[in-house]
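The primary structure of each chain is shown beneath.
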Amino acid sequence: MQALLAMWAEKFTVYPDGAELPTHHDHCLGCGPNNPHGHHLRALRHGDGVQAWHTFDNRHVGAPGIVHGGAVATVVDDLYGCLLFLEGGPAVTRQLTIEYLAPVLIGAEYRLQADVVRREGRKLFVAARATEPAGRAVITSTAVFVKVSVEHFAQGSPPGVPAD
Ligand SMILES: CCCCCCCCCCCCCCCC(=O)SCCNC(=O)CCNC(=O)[C@H](O)C(C)(C)COP(=O)(O)OP(=O)(O)OC[C@H]1O[C@@H](n2cnc3c(N)ncnc32)[C@H](O)[C@@H]1OP(=O)(O)O
């Protein structure tokens, strides 16, 4: 576990504009490439924020043809988690709000953008949106993240890795 935490800490480095950001870890529900249930989100630095193009598939269906609201929230939360790579250290979601303005459709590509709105002590106030290619916003979001030490993550133990 300590080795995994150290590997994660190395991901907090400098990323030029346009660079692809790393995944949180291989099995992350949002971005992990080895999670068969996951969204496999890939985020890029975009100015001081992050952006991603994302298409939901039938694993994340709610009403027929429409993405489950919880799946949308997962992707937005994870995108905020990618923003943390530009902040230089870890933080966790304390509050997440989503405004579902229009159905998010299975098989349609959306552009997602997330930015830091302000920093206040340990708190990061962030905002995000997902838009259709034509530019209409289908969701908007705000969240409060609280900075934590890397040791925060030692409360959990990845599958097959004993806590130490
Ligand atoms: C595998 C191994 C390798 C490691 C690999 C790691 C992988 C890493 C993966 C990351 C993936 C990312 C994916 C997305 C991000 C998640 O999904 S994170 C997971 C979901 N979130 C959590 O589990 C967080 C659970 N909550 C907690 O642990 C604790 O509540 C927290 C957040 C650490 C805060 O604890 P605390 O410090 O005791 O809390 P508290 O003092 O009450 O509040 C902190 C501050 O927030 C303020 N606050 C609280 N609520 C609010 C609010 N709603 N609005 C405004 N301010 C508020 C408080 O007033 C306080 O302010 P200050 O007094 O500091 O000014």
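What you see is a predicted model; the values in this text were computed from it and never measured.

Thresholds, definitions, all that
Residues numbered from 1 in each chain as written. Predicted model: local features only at pLDDT ≥ 70, side-chain atom pairs only at ≥ 80, totals over all residues. Heavy atoms only, no water. 1 Å grid on protein atoms, 1.4 Å probe; cavity = no way out; pocket = protein on both sides within 12 Å on 5 of 7 lines; lining within 4 Å. Points joined across faces, edges and corners; volume = space filled by probe spheres on them. Helix = DSSP H or I, 4+ residues; strand = E, 2+ residues; numbered from the N terminus. Nonpolar A, V, L, I, M, F, W, Y, C, P; charged D, E, K, R; others polar. Near = heavy atom within 4 Å. Polar contact = N/O pair within 3.5 Å; in protein donor to acceptor, adjacent residues only side chain to side chain. UniProt positions renumbered as here; feature names shortened; annotations may be inferred. Phe/Tyr/Trp six-rings, centres within 6.5 Å; stacked < 30°, edge-to-face > 60°. Buried < 20%, exposed > 50% of the residue type's maximum accessible area, 1.4 Å probe, protein only. Lys NZ or Arg CZ within 6 Å of the ring centre and 35° of its normal.

Draft legend 1. Spatial organisation of empty space enclosed by the protein. Taken as a whole and assessed by the stated rule, the structure comprises one cavity of 30 Å³ or more. One number sums up the size of the largest cavity: a volume of about 50 Å³. Along the walls of the largest cavity sit Phe56, Val72, Val76, Val104, Tyr110, Leu112, Ala130, Val138 and Ile139, which together make up its complete lining. Of all the secondary-structure elements, those providing two or more residues to the lining of the largest cavity are helix 2 (69-87), strand 4 (109-120) and strand 6 (137-147). Looking at the lining of the largest cavity, its residues break down into nine nonpolar, no polar and no charged.

Draft legend 2. Quick peek at the site of the ligand. Neighbouring residues of the ligand: 20 residues in total, closest Asp77, Thr93, Arg94, Arg122 and Lys123. Contact distances for the ligand include 2.9 Å between an oxygen atom and a side-chain N or O atom of Asp77. The contact in question runs from an oxygen atom of the ligand to an N or O atom on the side chain of Arg122, over 2.6 Å. Counting only elements with at least two residues in the shell around the ligand, the list comes to helix 1 (2-9), helix 2, strand 3 (91-100) and strand 6. Looking at the shell around the ligand element by element, the count peaks at four residues for strand 3. Partitioned by chemical class, the residues of the shell around the ligand number ten nonpolar, five polar and five charged.

Draft legend 3. Representation of the UniProt feature "domain: Thioesterase" (unreviewed entry) in the protein chain in the model. According to UniProt, the positions carrying the feature "domain: Thioesterase" (unreviewed entry) are residues 65-131. Strand forms 46% of residues 65-131 and helix 28%; the C-alpha atoms that close the span are 18 Å apart.

Draft legend 4. Seen up close, the packing of aromatic side chains. Within this structure, the stated rule accounts for four aromatic pairs. When the centroid spacing of 4.8 Å and the interplanar angle of 75 degrees are considered together, the rings of Trp8 and Phe153 count as edge-to-face. Remark: Phe153 occurs in the segment after strand 6 and Trp8 occurs in helix 1; sequence separation between them is 145 residues. When the ring of Tyr80 is compared with that of Phe145, the centres are 5.7 Å apart and the planes differ by 65 degrees; the resulting orientation is edge-to-face. Note that Tyr80 is positioned in helix 2 and Phe145 in strand 6, a separation of 65 residues in sequence. Just as Tyr80 is buried, Phe145 falls in that class too. An aromatic cluster of at least three residues, connected via ring pairs, comprises Trp8, Phe12, Phe85 and Phe153. We note Arg118 situated over the ring of Phe125; from NZ or CZ to the ring centre the distance is 3.9 Å.

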